[in-house]
Structures are given as C-alpha cells and as structure tokens.
Amino acid sequence: MSTASPSPHASSAASGQTGVPEFDTDLFSEDVVVDPYPHYRRLRDLGPVAYLTSQQMHALGRYDEVRAVLADDETFISGQGVHFNDVFNELMRGAILTSDGPEHEQLRQVVAHRLTPRALREERASIEAKADALVTALLERDEVLDAVTDIAQAMPMSVVPDFLGFPQDCRDRLIDWALAGLEAGGPPSDRHAASIPAAIEMGEYTGGLVAQRRTLPGSLGHDLLAAADRGEVAMDRCPALLIDYFGPSLETTISALGSAIALFAQHPDQWDLLRANPDLAGSAFNEVIRLESPLRAFTRVAGRDTEIGGHPLPKGSRVAVFFASANRDERKWDRPDAFDITRQNADHVALGYGVHGCAGQGLARLEITSVLTGLARSVARLEPAGEPRPIVHSIVRSYTSVPVRLHAA
Ligand code: HEM
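Everything in this summary refers to the structure shown in the same document. Model, not experiment: these values are computed from the prediction. (Residues numbered from 1 in each chain as written. Predicted model: local features only at pLDDT ≥ 70, side-chain atom pairs only at ≥ 80, totals over all residues. Heavy atoms only, no water.)

## As for the overall build of the protein chain
- A tally of regular secondary structure across the protein chain gives 16 helices and 14 strands.
- Relative to its length of 409 residues, the protein chain is compact, with a C-alpha radius of gyration of 21 Å against a globular reference of 22 Å.
- Looking at the 409 residues of the protein chain, the share that counts as buried comes to 57%.
- Counted over contacts in the protein chain with a minimum sequence separation of 6, partners at least 24 positions apart contribute 70%.
- In the structure as shown, the protein chain presents an accessible area of about 16500 Å², 51% of it carried by carbon and sulfur atoms.
- In the protein chain, which carries 38 positive and 56 negative side-chain charges, the distance between the mean positions of the two groups comes to 3 Å. (Helix = DSSP H or I, 4+ residues; strand = E, 2+ residues; numbered from the N terminus. Rg over C-alpha atoms; globule rule 2.2 N^0.38 Å. Buried < 20%, exposed > 50% of the residue type's maximum accessible area, 1.4 Å probe, protein only. Contact = heavy atoms within 4.5 Å. Areas by Shrake-Rupley, 256 points an atom, 1.4 Å probe, with all protein chains shown as cover. Lys, Arg positive; Asp, Glu negative; His and termini not counted. Charge placed at Lys NZ, Arg CZ, Asp CG, Glu CD.)

Listed below in structure tokens is the structure:
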C-alpha cells in the first residue's frame with residue numbers, strides 16, 4: 001500500500017526554470033487510484049503538460065499531447081524504459097515494449113504472424129465456442145455471480161495461456177504474476193515493493209520454461225523458440241519476449257471484461273442497444289476501454305531537447321503518458337464520462353498509438369466481443385448485485401469483484 005499522502009489540491013505553482021505547472025497530488029496513492037478521474041481532470045486543466053512533484057517527472061493528461069508524443073517515437077523514446085522506476089527500467093531494457101527503431105521493428109516481427117487478422121480468423125471459431133460455453137454454464141447457475149472471477153478471468157484464462165504456451169503447472173499463478181509484473185513497473189511504494197517477489201517468480205519460471213523448452217506445441221511461445229533456433233532472435237532474449245506478450249495480455253483483458261459487465265449492469269439502455277444490434281460489440285469494446293482504460297499510463301523519455309505545448313523539455317526528461325486521462329479529455333470527447341456504445345470512439349488511446357500500439361489488440365478484441373455477443377444473445381438483463389470493488393494498483397485500472405445477477409432472455 002502506498003504510504004504517500006495525496007494533497008487535496010493540485011498546485012498551480014510553476015516548476016523551476018521551465019514554467020511547467022506543478023501537480024502535487026500523488027496520482028499513485030491509494031485514494032487516487034481507486035477513483036482517479038477527478039484528479040485526471042485537474043491534471044488536464046493545469047495545461048498541456050504538468051510536473052508531478054511526487055514522481056518528479058512531467059506528465060501528459062490531454063488527448064492531443066498524449067497522441068502526439070506516442071506518434072513521435074523518434075523524439076519520445078521507449079528504449080530507456082516505459083515504466084516508473086529506474087530498477088525496472090534497467091531490468092526490462094531491450095524488450096519489444098522498451099526498444100526503439102529497427103531493433104523494435106525486428107523484435108516485434110518475430111512472432112507477429114501469430115497476431116495478424118488472418119491468423120486470428122483461425123482462432124475465432126474456438127474462442128467463440130469457449131465464450132458460448134461460458135455463457136451457457138453461467139446461466140445454469142441461478143445465483144449472484146462475481147463477474148470478475150466467473151467471466152472476466154475465466155475467459156482469458158481459457159485462451160491466453162494456451163495461446164502463449166504456458167503449461168498447466170503455472171496456471172494458478174498467472175493472474176498474480178500479471179498484476180505483480182505491472183506493479184513492479186510502478187513508482188516506488190510499499191505496494192511496488194510487495195509485488196517484487198511474485199515478479200521475480202514470474203521471471204524465473206519463464207526463464208526455466210525457455211531453458212527446458214516446455215512451451216506448449218503450436219503456441220506463440222513455441223514459435224518464438226523456433227525463431228530463436230533459426231537465429232532470428234537470440235535465445236537469451238526469449239524469456240523477456242515471452243513476458244512482453246504475457247505481461248500486458250491477461251490483466252488488461254480481465255480489466256476490460258470486468259469493466260464491461262459493470263458498465264452494462266449500470267446502463268441497461270446500452271445493454272438493450274447491444275442486444276438489438278450485436279454488430280455494436282466492437283464499438284462497445286472500444287467504449288469500455290476508452291472509459292475505463294485498463295492501463296493507466298506508461299512513460300517515455302525525451303531523446304533530444306524538445307518542447308510540449310510550448311514548454312521546453314530537455315533531453316533525458318521522463319514523461320508520464322496518461323492514456324486513461326486522454327480518453328476522458330473534454331477537449332476531445334463530447335460528454336467524456338458518459339458510456340455510449342454508439343459514439344465514434346475508435347481513436348481512443350487505451351491500446352496506445354503509433355509503433356508501440358498494442359500488438360495483441362486483435363486477440364483481446366476477439367475474446368471480449370465473443371463474450372459480449374454470447375451474453376447479448378442469451379441475457380436480457382445484467383442486474384447489479386453489489387458495489388464493484390476496484391483494485392488498488394499503480395498501473396492497472398480493474399476490479400477485484402463485480403457482483404451481478406444474469407436474467408436469461
Ligand atoms: C484490452 C486489452 C489490452 C489493452 C488495454 C492493452 C494495452 C496496451 C497498450 C496501452 C500498449 C502500448 C504501450 C506503450 O505504448 O508503451 C500495449 C502494447 C502491447 N501489448 Fe497490449 N493491451 C491489451 C491486450 C494485449 C494482449 C491480449 C496481448 C498479447 C497477446 C498484448 C500484447 C502487447 C504487446 C506485445 C505490446 C508491446 C507492443 C510494442 O511495444 O510494440 N496486449 N498494450
């Protein structure tokens with residue numbers, strides 16, 4: 001748990017020489033992470049760029065600047081890490097997420113064939129069948145469900161480990177590892193320190209998986225080892241590359257599904273719209289992750305002297321890029337806090353933007369739209385059965401519990 005105490009108001013004092021306004025609230029304190037949206041609004045209102053006094057780095061909360069920085073990967077580099085602490089940034093050097101230019105392009109290509117729309121078309125029937133079986137089993141249980149464990153975790157756990165090639169013996173650890181791996185990249189705090197043992201366990205397990213060549217046959221992990229055998233990538237980079245795909249693939253999808261159920265339960269009019277027109281499932285996926293972006297923020301480093309919004313930014317400055325704030329920027333979105341699955345929302349930045357834009361978004365979209373269309377076919381109403389409980393996490397926005405009752409159509 002974070003020990004930093006948030007100050008109730010953002011300071012509008014200008015920082016040092018650059019005139020960038022300072023923001024004194026700790027955006028990673030427990031109070032803030034469970035209800036971050038009013039704080040993001042104050043961050044945006046301060047200006048195109050602010051200085052986070054708690055993390056001692058610049059921060060972007062507005063859509064235009066977030067997107068511009070993500071698009072300009074020559075100026076705002078990932079190679080010095082995209083995380084919030086130096087140790088993790090050093091540890092994760094040279095992964096897909098944390099490399100630049102031709103090296104990044106080459107690493108991203110190694111197993112890109114697994115995630116193309118064409119490759120995913122071959123996965124579609126099996127993923128849809130899993131979603132349908134899940135919905136049928138849920139409807140047989142005439143009781144209050146927890147949408148997090150029963151739906152949001154159940155679906156990606158039935159897809160992602162097989163897809164990536166993680167054997168059965170680690171399955172009960174994967175969700176903890178995914179959360180710990182992301183928290184390990186957060187700013188220093190008690191919460192961050194508590195995540196380290198599980199993050200190390202994940203690293204050691206993945207190292208052993210590669211060394212013993214135990215990735216499941218036919219999986220992305222298996223293809224990765226085959227690429228290493230052909231000399232396309234060094235074998236000693238394979239554990240980090242596997243973590244590259246595992247790290248952001250599980251908890252993000254769990255988050256999006258949990259938020260989807262919570263939002264549709266709170267907005268029955270939107271559920272009726274989806275039921276009447278299942279083709280809206282893709283737009284519903286976008287709207288859920290626009291409104292409740294699963295990854296709050298990553299960082300970039302200015303690779304040369306530059307400026308943001310007229311403020312000079314010296315080479316080497318680290319900048320926090322708040323995807324989740326940009327996705328609610330009132331300068332960009334009409335009624336930004338409203339859940340509206342019919343709005344034009346495809347240009348949200350919940351999946352990033354530019355060369356580092358999410359490599360696995362097709363898989364996430366397929367999993368989530370399959371569950372939503374399966375539910376929309378058979379469930380007339382999602383009745384809230386208690387308050388959703390948000391998790392306390394520096395990087396992930398998600399729920400630990402979303403109690404809900406399904407009413408069959
Ligand atoms: C709703 C679900 C998901 C969300 C919200 C999400 C979000 C993101 C975001 C914001 C980035 C950009 C990071 C940056 O610019 O620094 C990213 C990158 C990435 N994601 Fe996802 N992700 C999701 C699902 C997945 C899945 C299922 C996989 C794997 C199968 C995956 C694999 C990756 C990889 C490998 C990258 C690094 C891409 C690069 O640096 O070139 N993600 N994701």
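## Here we look at unusual backbone geometry
- A positive phi is found at Q56, a non-glycine position, where the angle reads about 50 degrees.
- Among the secondary structure elements, Q56 is positioned in the loop between strand 3 (50–52) and strand 4 (57–60).
- For R335, which is not glycine, the phi dihedral falls at a positive 45 degrees.

## Let's talk about the site of the ligand
- Among the 26 residues in the neighbourhood of the ligand, the closest are listed as H104, R108, R300, H356 and C358.
- Between the ligand and I96, the relevant distance is 3.5 Å, taken from an oxygen atom to a main-chain nitrogen or oxygen of the residue.
- Separating an oxygen atom of the ligand from a side-chain N or O atom of R108 is a distance of 2.7 Å.
- Those elements giving two or more residues to the shell around the ligand turn out to be helix 5 (101–109), helix 11 (238–246), helix 12 (251–266), strand 7 (297–302) and helix 16 (361–378).
- A breakdown of the residues in the shell around the ligand according to their chemical character gives 15 nonpolar, eight polar and three charged. (Near = heavy atom within 4 Å. Polar contact = N/O pair within 3.5 Å; in protein donor to acceptor, adjacent residues only side chain to side chain. Nonpolar A, V, L, I, M, F, W, Y, C, P; charged D, E, K, R; others polar.)

## Digging into helix 11
- Within helix 11, eight of the nine residues are buried, which leaves it mostly tucked inside the rest of the structure.
- Those residues of helix 11 lying buried are C238, P239, L241, L242, I243, D244, Y245 and F246.
- Those residues of helix 11 that are buried lie in contact with helix 5, helix 7 (147–164), helix 8 (174–183), helix 9 (190–211) and helix 10 (220–229).

## Looking at the side chain of N345
- Within the secondary structure, N345 sits in the loop between helix 15 (323–326) and helix 16.
- In this structure N345 comes out as buried when scored by relative accessible area, which is 3%.
- In terms of polar contacts, N345 uses its side chain to reach the backbone carbonyl oxygen of S283, at 3.1 Å.
- Discounting chain neighbours no more than four positions away, the residues touching N345 are S283, N286, E287, R290, W333 and D340.

## Let's talk about the packing of helix 13 (residues 268–276) against helix 16
- Between helix 13 and helix 16, whose axes approach to 9 Å, the crossing angle comes to 95 degrees. If you check the angle between helix 13 and helix 16, you find them roughly perpendicular. Across the interface between the two elements, W271, L274 and R275 from helix 13 touch L372, L375, A376 and R377 from helix 16.
- Residues belonging to the contact of helix 13 with helix 16 are distributed by class as follows: five nonpolar, no polar and two charged. (Axes fitted to C-alpha atoms, helices over the stretch in contact; angles between N-to-C directions. Parallel < 35°, antiparallel > 145°, perpendicular 65-115°, else oblique.)

## Brief notes about the side chain of E65
- Looking at the element boundaries, E65 is found in helix 3 (residues 63–71).
- No salt bridge is formed by the buried E65; the nearest opposite charge belongs to R62, separated by 5.2 Å.
- Ignoring sequence-local partners within four residues, the contact set of E65 consists of P48, L60 and I308. (Salt bridge = Lys/Arg side-chain N within 4 Å of Asp/Glu carboxyl O.)

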